[in-house]
Amino acid sequence: MTPTISAAGLRLAVFTDTAMPQLNGVSYTLARLADAVRERGGAVRLYTTTDPAALPDDDVVRFRSWPFPAYPGLRFALPHAAAAARDLRAWGATLVHSATHFGIGLTGRAAARAAGIPFVSSYHTGISTYGKYYRADLLARPGWSYLRWFHNGGARTFCPTRAIERELTAHGFRGTAIWGRGVDATRFHPRWRSDVLRRRLGASDGKLLVIYVGRLATEKGLDVALAAMRRLHAAAPRRFAFALAGDGPAARRCRELAPPGTTFVGQITGDELSAFYASGDVFVFPSVSDTFGNVLLEAMASGLCLVAADTAPTREVLGPRGGLLFPGGDDAALADRLLALAGDEARRARIAAGALASVRERSWTRVFDTLVSHYLGVIGASGAGARHATPAAAQATWPSPRRVARAARSGR
């Protein structure tokens, strides 16, 4: 599908604490965003953390960072907003978009304010929810007051689903809008199915291959999925094969919890990932913390039957025909769903067909045409805001935690 919206004149500065080569839903989506804006004639500069695996890139500004103690795969930085504001002005940014709430995302908010450049944000991760998984109490305590202050400092807060938009609106967020997600229907398609790969993953002799794709992390609900797999292995060891793709801080724990014969393929991309999806029979999504779950669309487009934890965002993504739901955290219920599907091939086929039908309209082109339209509307409404930065604002530095807390309490 050809883009219908031009981004000519848009110079977008994206501030984020996670970006490629880190592999997660946010970094993947932001890489897509940069490509989409450039494809439409705009320019993008990314402000993010250093990364040992990153290659030099003129369009990426990397601030010195350190591994996050509870999750070494993620990094945090405390850059100076004044330096970022100077770079924004020198580069000629017309819009700043912060994709994370703390660290570099917070720097983007302060730098945009200092430089007088319109500011927007997006809500990808519920920090208050994640705090309980990683004992990050200092991140969880600011809660809704902090998040409301952060996001209400911009002209838009982009939400991945209407369910998340309703939640944020109920907590006093203003200027919300939907920035949905798409799927590459060429990259993720049933034609990638491989009998050779299925045998390698243990799905010979008519076994049902149950797969998971994503980070191996505590908040993804993998303890529930693996407990369900152990139940099935005990009840019907010859009817199921299990395989997981991904890596993360809970990888060792997952291997300890998995039943015998479970295959861990590690972090895979490209054709390998396409074939892994399409070669499965059932995709499990046990997370109750995700605000969207890009892997849901990828599994649907690959022709899989889905079984997912019942949350409002996931119900919205799956729609009425995209998959089965189970009560989040209930491994017995998940095992029951999988056992029923193992004995009903026709039902699996109906669910997979419904998922394929519902995902056909989820094109990235349409998603980014809508987002760029929002961007242009914000810039147009701001007028010549970039020329009206005050001298005091131009002296801004990275705000101290005390200053942020005061601002959050006062709503400024």
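Up top is the structure.
Everything numeric here is computed off the predicted structure, so don't read it as measured data.

Definitions and cut-offs
- Residues numbered from 1 in each chain as written.
- Predicted model: local features only at pLDDT ≥ 70, side-chain atom pairs only at ≥ 80, totals over all residues.
- Heavy atoms only, no water.
- Buried < 20%, exposed > 50% of the residue type's maximum accessible area, 1.4 Å probe, protein only.
- Helix = DSSP H or I, 4+ residues; strand = E, 2+ residues; numbered from the N terminus.
- Pairing = 2+ DSSP bridges.
- Right-handed = clockwise from strand over helix to strand, strands pointing away.
- Contact = heavy atoms within 4.5 Å.
- Axes fitted to C-alpha atoms, helices over the stretch in contact; angles between N-to-C directions.
- Salt bridge = Lys/Arg side-chain N within 4 Å of Asp/Glu carboxyl O.
- Phe/Tyr/Trp six-rings, centres within 6.5 Å; stacked < 30°, edge-to-face > 60°.
- Expected span 1.5 Å × (residues − 1).

(A) The arrangement of the pairing of strand 7 (residues 119-122) in detail. Residues Phe119 and Ser121 line one face of strand 7 and the alternating positions Val120 and Ser122 line the opposite face, and both faces are buried. When strand 6 (residues 95-98) meets strand 7, the two strands line up parallel, connected through 3 bridges. Across the sheet, residue Ser98 finds its bridge partner in strand 7, namely Ser121. What joins strand 6 to strand 7 is helix 3 (residues 103-115), and the crossover it makes is right-handed. Pairing of strand 7 with strand 8 (residues 157-159), which is carried by 2 bridges, proceeds in the parallel orientation. The residue of strand 8 that forms the bridge with Ser122 is Phe158.

(B) Quick look at helix 7 (residues 162-170). Taken as a whole, helix 7 has its buried residues at Ala163, Ile164, Glu165 and Leu168. In the core, the buried residues of helix 7 are packed alongside helix 6 (143-152), strand 8, strand 9 (176-178) and helix 13 (312-318). Within two residues after helix 7, Gly172 carries a phi angle of roughly 90°, on the positive side.

(C) Region of the structure containing the sheet that holds strand 13 (residues 282-285). The 6 strands lie next to each other as 12-11-10-13-14-15, forming an open sheet whose pairing is parallel. Edge positions in the open sheet fall to strand 12 (263-266) and strand 15 (324-326), since each of these has one partner strand only. Neighbour-to-neighbour, the strand axes of the sheet open up by a mean angle of 25°, direction not taken into account. Where strand 11 (residues 240-245) meets strand 12, 3 bridges bridge the pair, whose relative direction is parallel. Across the sheet, the residue bridging to Ala243 is Thr263, located in strand 12. With respect to the sheet, helix 11 (residues 270-278) is in contact with strand 10 (208-213), strand 11, strand 12 and strand 13, its orientation differing from that of strand 10 by roughly 135°.

(D) Molecular detail of the sheet that holds strand 3 (residues 60-63). Reading across the sheet, the 7 strands line up as 3-2-1-6-7-8-9 and stay open at both edges, with parallel pairing between neighbours. Among the strands making up the open sheet, the edge pair consists of strand 3 and strand 9. Each neighbouring strand pair of the sheet contributes to a mean axis angle of 25°, computed without reference to strand direction.

(E) Structural view of the pattern of salt bridges. Taken as a whole, this structure holds 15 salt bridges when the rule is applied. Across the salt bridge formed by Asp281 and Arg193, the nearest N and O atoms sit 2.9 Å from each other. Of this pair, Asp281 sits in the loop between helix 11 and strand 13 while Arg193 is found in the loop between strand 9 and helix 8 (195-200), placing the two residues 88 residues apart along the sequence. By relative accessible area, Arg193 is classed as partly exposed at 39%. Salt-bridge contacts for Asp281 lead to Arg198; the nearest nitrogen and oxygen are separated by 3.2 Å. Taken together, the positions of Asp281 in the loop between helix 11 and strand 13 and Arg198 in helix 8 put the pair 83 residues apart, joining distant regions of the chain. Each member of the pair Asp281 and Arg198 is classed as buried. In this structure, a network of salt bridges that share partners links the residues Glu39, Arg40 and Asp369.

(F) Summary view of the environment of Ala357. For Ala357, the location among the structural elements is in helix 15 (residues 345-359). Using a relative accessible area of 27% as the deciding quantity, one classes Ala357 as partly exposed. For the pair Ala357 and Gly322, spaced 35 residues apart in the sequence, the C-alpha separation amounts to 8.5 Å.

(G) Representation of the packing of aromatic side chains in the model. Tallied over the full model, the rule gives 16 aromatic pairs. When the ring of Tyr146 is compared with that of Trp149, the centres are 5.6 Å apart and the planes differ by 45°; the resulting orientation is tilted. With Tyr146 and Trp149 both in helix 6 and 3 residues apart, this pair spans about one turn of that helix. For the pair Tyr146 and Trp149, a shared accessibility class is recorded, and that class is buried. Geometrically, the ring pair formed by Phe158 and Tyr375 is edge-to-face, given 6.0 Å between the ring centres and 85° between the ring planes. In this pair, Phe158 is assigned in strand 8 and Tyr375 in helix 16 (residues 364-382), connecting sequence segments 217 residues apart.

(H) Spotlight on helix 9 (residues 222-235). Look at helix 9: 20 Å from first C-alpha to last across 14 residues, which is about the 20 Å you get at 1.5 Å a residue. Among all positions of helix 9, only Leu222, Val224, Ala225, Leu226, Ala227, Ala228, Met229 and Leu232 are buried. For helix 9, the elements touching its buried residues are strand 10, strand 11, helix 10 (251-257), strand 13, strand 15 and helix 14 (331-342).

(I) Molecular detail of unusual backbone geometry. Here Met20 and Pro21 are connected by a cis peptide whose omega angle stands at 15°. Along the chain, the position of Pro21 falls in the loop between strand 1 (11-15) and helix 1 (25-39). Despite not being glycine, Asp205 has its phi angle at roughly 60°, a positive value. According to the relative accessible area criterion, Asp205 is exposed, its value standing at 76%.

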